[in-house]
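# Chains, contacts and geometry: an overview
Read off the chains here:
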Number of protein chains: 2
Amino acid sequence: MGTIANHPKVNLTKNRTFGQAIGSDLKETFFPDNPFGGFKKLSPGLRVWYCLQYYIPILEWGPKYTFSYFRSDLLAGLTIASLAIPQGISYARLAGLPPIIGLYSSFVPPLIYAVFGSSKNLAVGTVAAASLLLASLIQSGDDITYAANPELYINLFFTAAFFTGVMQAALGFLRLGILIDFLSRSTITGFMGGTACIIILQQMKGMLGMTHFTTKTDLISVLHAIFHNRHEWKWQSFVLGICFLLFLLLSKHLKEKMPKLFWVSAIAPLLVVVLGGLFAFLVKGEDHGIPIVGELKKGLNPISIGHLTFQGKHLSVALKAGVLSGFLALAEGIAVGRSLAMLKDEQIDGNKEMIAYGLMNIAGSFTSCYLTTGPFSKSAVNYHAGCKTQFSNVVMSICIMLVLLFLAPLFKFTPLVALSTIIIVAMIGLIEIHEFKRLFKVDKFDFIVCMSAFIGVLMFTMVIGLSVSVGLSLIRALIYVARPKTCKLGNIPGTDLYRDVKQYTGTSDMPGVLVLQLGSPIYFANAGYLRERISRWVENEPNNRGDKNDEDLQFVVLEMGGVTAIDNSGIGMLFEVQKILEKKGIKIAMTNPRQEVVEKLVAAEFVKSLGEEWIFVSIKDAIYAWSYKLQESSNKTEEV
Amino acid sequence: MGTIANHPKVNLTKNRTFGQAIGSDLKETFFPDNPFGGFKKLSPGLRVWYCLQYYIPILEWGPKYTFSYFRSDLLAGLTIASLAIPQGISYARLAGLPPIIGLYSSFVPPLIYAVFGSSKNLAVGTVAAASLLLASLIQSGDDITYAANPELYINLFFTAAFFTGVMQAALGFLRLGILIDFLSRSTITGFMGGTACIIILQQMKGMLGMTHFTTKTDLISVLHAIFHNRHEWKWQSFVLGICFLLFLLLSKHLKEKMPKLFWVSAIAPLLVVVLGGLFAFLVKGEDHGIPIVGELKKGLNPISIGHLTFQGKHLSVALKAGVLSGFLALAEGIAVGRSLAMLKDEQIDGNKEMIAYGLMNIAGSFTSCYLTTGPFSKSAVNYHAGCKTQFSNVVMSICIMLVLLFLAPLFKFTPLVALSTIIIVAMIGLIEIHEFKRLFKVDKFDFIVCMSAFIGVLMFTMVIGLSVSVGLSLIRALIYVARPKTCKLGNIPGTDLYRDVKQYTGTSDMPGVLVLQLGSPIYFANAGYLRERISRWVENEPNNRGDKNDEDLQFVVLEMGGVTAIDNSGIGMLFEVQKILEKKGIKIAMTNPRQEVVEKLVAAEFVKSLGEEWIFVSIKDAIYAWSYKLQESSNKTEEV
């Protein structure tokens, strides 16, 4: 090996202690964003202060708040408040709750979020999909409807919100943001699309002024409910609905054409509610086929902490509903926060956001609110209205407070059909046909994951759609893990590069040498497969079973650059491969193993069994060493 | 880019069709061993014949069978038969079944395996761990004991064996051998160790000649049962037991010292049974504190196909017991088959083995046998006795048939304590303390996985131990997936190599350039993490927020050689990273993307957005192109 002594070598002695290794792994798993990274240089007092600032972002942005920020936040806050009123009422009705609870939910949670939240663009409020999911889980879990037992039904929503909050805060404190990573973009696209379709169909109840409807959420049941009760259809309601729909769609179209006029589409829903209410009041709509919302009590959120229901029978329903809808709400909120932050080149900390969401839902559950998160529509309006900080949520909250204190009874006359049209228009944007098409083009499996969520929600239940889709994603992840890609490398002529022979044409091999790239962690789930696969690569080489000649396979190089980790089963596999190949008279070498892998291979004495001199930094070195050895032995033969 | 035109380029136009891509993925997932790979050149008739040979290996080795093989197989078969009798009786007692069922189970299944099995070394029979697992599942699931309802208890075992067989055969036909890959070596080591400890403690019943005992399998219950009924202890039984134990351990020790005398330890158990029986017969042991096996009926296996119980109430118990114990049996059998095959440089096909196991268990369930597989002890004896083909199983089967027809009643006098000592000695070998130590040294997480199975089995139940351990393994696999390793690469001076700067000291950077290696599939589970991680790498670079100067980060190279796949979320992440970096005025390039990844990046138009000219085959090329561009622009500045 004398001639390659000057070449760089793989360091086989450097060995991190167990503490260092596990510490760095835990850090990457739970603190990928390294929040306290810059603290080491600071004094203890400053550290506490920065730590507080980390968990309570208002301490960071509050002191720097300026009047020019305030002006922007005021405008944005007023705009989202005008959206919060109709959306609050609509989504509460979607959840089967009294409309006032939707308004309550836009008062307390935004205040909490303004203190603890880290996103400067998020506008807090209720969301359609999670509202429907909650309703379907609570109704199906316990056979409880608002009609049969209004108090219990409402209390279960508060209890679910409490569990949502506890779970979200716990995930954040335990830094388990990693769990959200398993809800893939494709799953969410499909789920949202399916849910939007169902919600739109459900709004036919409001559009047609029907009084009887189903609480189920599958396509068949909803269509059946629409067409079975045709005698309940009211043309007055429908005509009014079409007018509102056209107005809302027009305002949306206007925004797309002239983005500066975004505020028209932002206040359009409130306009619809106000105009619809006036109209219904003037023509006494209720008596002419246009059902209205009905009595709304004046006054702020009543305290509901005493109403949380932890009795055995209902506990599991509330827990399940809270946890499932909480996950969904988290995924939506964090995705929205991240995409808006990206537009401003800011960063969002997922774990910190979870804590903020958790605290706001716990506080909400104590004050007659149900599940809130950062809905896309409201947050986008907030962003476009030029919000600068979390203070726009405070402005919205104060507006809602004023509405609750003084104006709530006026919304009594809001026609249900107006709410339905607002929901329909909001939902249309969630059915992303172009994204379905793009997925089909780019990645068929992602398309299947997306479609399984879409069709699952549409045809069965929301939970089925979500679980099948997440299950498929996980199976795919595990298959990636269990069936890693390997490939044969060849030399690109004129360079020192070794690349996949299938990908690059015209690569050249050295006779008798096989270079294999193993490109993933090697561990129990794929060790068996890799052993088979390496054997097959070896068997596919020419002549390796015939009489010995120069073309025979004599040397296998395993390129380990992509092997980021190895476990006990993986090391066992390497020993087995070595044994199998040595029986065939084939020498084995290893190039570019990573530090984590080297440590384990040394500890397991694989390096000893292989021979330290057969571990190289590059494939070129390995092949050079082999040629040198061949030459040496042929020289010896000649000498003899 | 003129100057690097001669350099190799990444092929951006090659695009496999969806069919080709999915076909190759499916093939790697389900046919990693490529069983029909060589068939293309053959005539249709030969193809059918080879296909039959593939599924019925006896058609392959049968015609080539020679007398010299027969001589070896006869000897091996006689040896394993002498082991099969005491083991069959012992393990049946462990399962709480009448001893004769253990003998039945060594008659039919080996015949079936000889036809369909592909391992030349496996000796079929019942196993201790699966016997105990079956007993604990059936007893706990339905509160059924042999004492209370012997017929039902036995029938549930047959039914469980039937389900085991169906499941195993189905897994094999569907080529789902991939599932077995998720039972890691560490899990099996821990599970076997824990089970062996419990089984040894349970044998205290036999050693002490006790009549009352627990059916539970946790340490506390078993110790309680031993010490609570101290008045049942019989010293006669214990003294006899110690004698047998010493004899068996001695014979084992002899084998280790002189491997050629393996047959002494192989027939030692039969000797213990025979001598023990003689002794008990002569001294009328039963009346003097030495309980015996009791009546054994003469005659071959009765047909049990009519006894399979598919009634709702018992169905789920039998199904669960069958599936769980079937998985365990498969994992043990296939591991044993593989390790023995490796010693002879042969290959075992896991999927084919599953079919053979499945068929033998289905046939077994029809003929009064319970779960069988390839136990380690028996198979190792078979191997050492020099078996050449599966025919040794036939020899064993014929011996057991003769025993069943003529000798069974003689085993009536076998003292229970003899069976207990046989089990104890077999189990001692399964507690691999040295393996625990090795795991602790090599891989702490594997050690935890192993210990969780060991302690779970010992302290709680076998199912808990198994599930916790498999669960931990899966979580680890998913964490690997969700938190892939990334690293910063630096140039090793004097070479074109770029390696991890933390692993290799003395690497050099080009100022203003950051080279990052992404080393795993990029997809939904890690896209969020990778985005954060890349941002952090970028932020950690010097000066990137200060005034612009030459040291500022201007160019980021993503080395993609280790990225074996990418999905929709992953592509979205790349777009986001590009957007974030471009906002900071940082150019991004990509080196060595793999074919699968290139296809998707082209389809998603990421390549277009990045610019084709910024995709390179090697890091060297990327840096060269960047230097060239810098020089060009500084030339321009000078010209101006």
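Keep in mind that this is a model prediction, so the values were computed, not measured.

What follows concerns the overall build of chain A. Within chain A one finds 26 helices and six strands. Each principal axis of the C-alpha atoms in chain A carries an extent, and together these give about 115 × 65 × 55 Å. Across the 640 residues in chain A, those meeting the buried criterion constitute 51%. Here the contacts in chain A between residues at least 6 apart in sequence split such that 82% fall between residues at least 24 apart.

This brings us to helix 22 (residues 524-540) of chain B. Two residues of an α-helix separated by three or four positions point the same way, owing to the 3.6 residues in each turn. Over its 17 residues, helix 22 of chain B extends 25 Å from the first C-alpha to the last, a length consistent with the 24 Å expected when each residue adds 1.5 Å. Buried residues along helix 22 of chain B sit in contact with helix 9 (185-202) and helix 21 (462-482) of chain A together with helix 21 (462-482), strand 1 (486-491), strand 3 (513-518) and helix 23 (568-583) of chain B.

Time to look at the nonpolar core. Ranked by size, the top nonpolar core spans 379 residues in total, and within it Leu-134 and Phe-157 of chain A together with Leu-134 and Phe-157 of chain B carry the most contacts. Discounting chain neighbours no more than four positions away, the residues touching Phe-157 of chain A are Ala-95, Leu-97, Leu-134, Ile-138 and Tyr-370 of chain A.

Facing 74 residues of chain B, the contacting portion of chain A comprises 74 residues. The leading source of residues in the side of chain B that touches chain A is helix 22 of chain B, at nine residues. Grouping the constituent residues of the side of chain B that touches chain A by class yields 29 nonpolar, 21 polar and 24 charged.

Looking now at the environment of Ser-535 of chain A. With respect to the helices and strands, Ser-535 of chain A occurs in helix 22 (residues 524-540). Between the C-alpha atom of Ser-535 of chain A and that of Leu-581 of chain A, which follows or precedes it by 46 residues, the distance is 8.4 Å.

This paragraph deals with helix 13 (residues 262-282) of chain B. Residues and elements named next belong to chain B. Counted at 1.5 Å a residue, the expected span for helix 13 with its 21 residues is 30 Å, and the 30 Å between its end C-alpha atoms agrees. In the structure, helix 13 departs most strongly from a straight axis at Ala-268, where the bend amounts to approximately 40° and where the proline Pro-269 lies between one and four residues downstream. For helix 13, the set of buried residues is Phe-262, Ser-265, Ala-266, Ala-268, Pro-269, Val-272, Val-273, Gly-276, Gly-277 and Ala-280. Check the buried side of helix 13 and you find it contacts helix 4 (67-94), helix 12 (235-257), helix 16 (376-384) and helix 18 (416-428). A positive backbone phi angle near 50° is found at Lys-284, which sits one or two residues after helix 13.

Residue and element names in this part refer to chain A. Pairing within the open sheet is mixed, and its six strands lie in the order 2-1-3-4-5-6. At either margin of the open sheet sits one strand with a lone partner, and together these are strand 2 (498-500) and strand 6 (615-616). Relative to strand 6, strand 5 (residues 587-591) runs parallel, the two sharing two bridges. Counterpart to Met-590 in the pairing with strand 6 is Ile-615.

Further remarks concern the relation of the copies chain B and chain A. Overlay of chain B on chain A (RMSD 0.1 Å): rotation 180°, translation along the axis 0.1 Å. The operation mapping one copy onto its partner corresponds to a two-fold rotation axis. If distances are taken from each C-alpha of chain B to the rotation axis, the shortest is found for Gly-562 of chain B, at 2.5 Å.

Further remarks concern the confidence of the model for chain A. Residues and elements named next belong to chain A. For chain A, per-residue confidence averages 85 on the pLDDT scale, and residues scoring 70 or more make up 94% of the total. Confidence, read as mean pLDDT per element, is least for helix 1 (residues 18-30) in chain A (73) and greatest for helix 6 (residues 108-116) (94). Below pLDDT 50 for its whole length, residues 1-5 participates in six contacts with residues either more than four positions away or in separate chains. Interface scoring of the predicted complex returns ipTM 0.79; its pTM is 0.77.

All names here are of chain B. With respect to topology, six strands assemble into an open sheet ordered 2-1-3-4-5-6, the strand pairing being mixed. Strands with a single pairing partner mark the edges of an open sheet, and in this sheet they are strand 2 (498-500) and strand 6 (615-616). Bridge count for strand 4 (residues 555-559) against strand 5 (residues 587-591) is five bridges, and the pairing is parallel. Within strand 5, the position partnered with Val-556 by the bridge is Ile-588. Of the strands in this sheet, strand 1, strand 3 and strand 4 are in contact with helix 22, which crosses strand 3 at around 155°.

Turning our eyes to something else, we now look at the pairing of strand 1 of chain B. Put simply, side chains in a regular strand alternate between the two faces of the sheet. Residues and elements named next belong to chain B. Counted residue by residue, strand 1 has five buried out of six residues, so it is predominantly covered. Examined bridge by bridge, strand 1 and strand 2 share three bridges and lie antiparallel to one another. The residue of strand 2 that forms the bridge with Gly-490 is Arg-499. Taking the residues that link successive antiparallel strands as the turn, the strand 1-strand 2 hairpin has six residues, and the phi of Gly-494 there is positive, at about 85°.

Turning our eyes to something else, we now look at the packing of helix 14 (residues 312-343) of chain B against helix 15 (residues 350-366) of chain B. Residues and elements named next belong to chain B. One can describe the packing of helix 14 onto helix 15 by two numbers: an axis separation of 11 Å at closest approach and a directional angle of 125°. In this view, helix 14 runs oblique relative to helix 15, as classed from their interaxial angle. The two elements helix 14 and helix 15 meet at a crossing, and its hand is right-handed. In contact with Leu-330, Gly-333, Ile-334 and Gly-337 of helix 14, helix 15 contributes Gly-350, Glu-353, Met-354 and Tyr-357. Looking at the contact of helix 14 with helix 15 residue by residue, the class counts come to four nonpolar, three polar and one charged.

What follows concerns unusual backbone geometry. All names here are of chain A. One non-glycine residue, Ser-368, lies in positive phi territory at about 60°. The residue Ser-368 is located in the loop between helix 15 (350-366) and helix 16 (376-384) in this model. Overall, the presence of 24 C-beta atoms within 10 Å leaves Ser-368 in the buried class.

On to the packing of helix 12 (residues 235-257) of chain A against helix 18 (residues 416-428) of chain A. All names here are of chain A. Relative orientation of the contacting elements helix 12 and helix 18 amounts to 40°, with a least axis distance of 9 Å. Helix 12 and helix 18 meet at a crossing whose hand is right-handed. Facing helix 12, whose interface residues are Ser-237, Leu-240, Gly-241, Phe-244, Leu-245, Leu-248, Leu-249 and Lys-252, helix 18 presents Val-417, Ala-418, Ser-420, Thr-421, Ile-422, Ile-424 and Val-425. Its residues assigned to classes, the contact of helix 12 with helix 18 comprises 10 nonpolar, four polar and one charged.

Moving on, we get to the environment of Ser-237 of chain A. All names here are of chain A. With respect to the secondary-structure elements, Ser-237 resides in helix 12. Judged by the 23 C-beta atoms lying within 10 Å of it, Ser-237 falls in the buried class. Each C-alpha atom of the pair Ser-237 and Gly-177 lies 46 Å from the other, and the pair is 60 residues apart in sequence. Not counting residues within four places of it along the chain, the set of residues in contact with Ser-237 comprises Met-207, Leu-208, Gly-209, Gly-289, Ile-290 and Val-417.

Moving on: the pairing of strand 1 (residues 486-491) of chain A. Judged from the four bridges that link them, strand 1 of chain A and strand 3 (residues 513-518) of chain A form a sheet pairing that is antiparallel. Paired with Lys-488 of chain A across the strands is Leu-516 of chain A, a residue of strand 3 of chain A.

Attention now moves to the environment of Leu-439 of chain A. If you trace the backbone, Leu-439 of chain A turns up in helix 19 (residues 433-442). The class for Leu-439 of chain A is buried, based on 25 C-beta atoms found within 10 Å. In sequence terms Leu-439 of chain A and Thr-495 of chain A are 56 residues apart; their C-alpha atoms lie 38 Å from each other. Among residues more than four places away in sequence, those in contact with Leu-439 of chain A are Ser-186, Asp-446, Phe-447 and Cys-450 of chain A together with Asn-568 of chain B.

Conventions used here
Residues numbered from 1 in each chain as written. Chains lettered and ligands numbered in written order. Predicted model: local features only at pLDDT ≥ 70, side-chain atom pairs only at ≥ 80, totals over all residues. Helix = DSSP H or I, 4+ residues; strand = E, 2+ residues; numbered from the N terminus. Buried ≥ 20, exposed ≤ 12 C-beta atoms within 10 Å, placed from the backbone. Contact = placed C-beta atoms within 7 Å. Expected span 1.5 Å × (residues − 1). Core = buried A, V, L, I, M, F, W, Y, C linked by C-beta atoms within 7 Å. Nonpolar A, V, L, I, M, F, W, Y, C, P; charged D, E, K, R; others polar. Bend = angle between axes of the 7 residues up to and from the residue. Pairing = 2+ DSSP bridges. Least-squares fit on C-alpha atoms with pLDDT ≥ 70 in both. pLDDT = per-residue confidence, 0-100. Axes fitted to C-alpha atoms, helices over the stretch in contact; angles between N-to-C directions. Parallel < 35°, antiparallel > 145°, perpendicular 65-115°, else oblique. Left-handed = near helix turned anticlockwise from the far one by under 90°.

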